[in-house]
Amino acid sequence: MVSYSNHKEDVLKRLRRIEGQVRGLQRMVEEDTYCIDVLTQVSATTRALQSFALQMLDEHMDTCVRTAVAEGGEDGDLKLKEARDAIARLVRS
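From a predicted model like this one, the values you see are computed outputs, not experimental measurements. (Residues numbered from 1 in each chain as written. Predicted model: local features only at pLDDT ≥ 70, side-chain atom pairs only at ≥ 80, totals over all residues. Heavy atoms only, no water.)

On to the overall build of the protein chain. When its secondary structure is counted, the protein chain shows three helices and zero strands. In sequence order, the secondary structure elements of the protein chain are arranged as α-α-α. The C-alpha atoms of the protein chain give a radius of gyration of 17 Å, which is well past the 12 Å a tight globule of 93 residues would have. Intrachain contacts of the protein chain at a sequence separation of at least 6 include 53% that bridge at least 24 residues. Summing over all exposed atoms, the protein chain offers an accessible surface of approximately 6,900 Å²; the carbon and sulfur share of this is 56%. Charge-centre separation for the protein chain: the mean point of 14 positive side chains lies 1 Å from the mean point of 16 negative side chains. (Helix = DSSP H or I, 4+ residues; strand = E, 2+ residues; numbered from the N terminus. Rg over C-alpha atoms; globule rule 2.2 N^0.38 Å. Contact = heavy atoms within 4.5 Å. Areas by Shrake-Rupley, 256 points an atom, 1.4 Å probe, with all protein chains shown as cover. Lys, Arg positive; Asp, Glu negative; His and termini not counted. Charge placed at Lys NZ, Arg CZ, Asp CG, Glu CD.)

Structural data, given as structure tokens:
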């Protein structure tokens, strides 16, 4: 079971909004919008993606990792390593 399965529609709605922001960027370039305005929109889109990633990580920690650690064994260690690796990737991006 994935951590967002109980509210998948909300997650998809959020991703569609981000997709709309990316389409807006494409439109801005097609319309030769001033560079700084495009960069401002890139920044907003980046923040939206980062916020989404943090939400996913938080839910993963609250459900998948918590359950695996509570059950003990190798799966708990694996889930913790996956979470550490995901955090490292987010910090580097």
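Further notes follow.
In this section: helix α3 (residues 74-92). For α3, built from 19 residues, the straight-helix expectation of 27 Å at 1.5 Å per residue is met to within 8% by its first-to-last C-alpha distance of 27 Å. All of the buried residues along α3 are G76, A83 and A86. All buried residues of α3 lie within an arc of 90° about the axis, which places them on one face of the element. Seen from the open side of α3, the exposed residues pointing more than 90 degrees away from its buried face are E74, D77, R84 and R92. Lining the buried residues of α3 we find α2 (35-71). (Expected span 1.5 Å × (residues − 1). Buried < 20%, exposed > 50% of the residue type's maximum accessible area, 1.4 Å probe, protein only. Arc of directions from axis to C-beta.)

It is worth spelling out the environment of V38 at this point. As for its position among the elements, V38 is in helix α2. The spatial distance from the C-alpha of V38 to the C-alpha of E71 is 48 Å, given a sequence separation of 33 residues. Aside from chain neighbours lying at most four places away, what touches V38 is L25, M28, V29 and T33.

With that out of the way, let us pick up a negative patch on the surface. Where like charges cluster on the molecular surface, the negative patch consists of E71, E74, D75 and D77. It is α3 that contributes the most residues to the negative patch, three residues altogether. Mapped onto the fold, D75 is located in helix α3. (Patch = residues over 30% accessible without salt bridge, like charges linked within 9 Å, V, L, I, M, F, W, Y side chains within 5 Å. Salt bridge = Lys/Arg side-chain N within 4 Å of Asp/Glu carboxyl O.)

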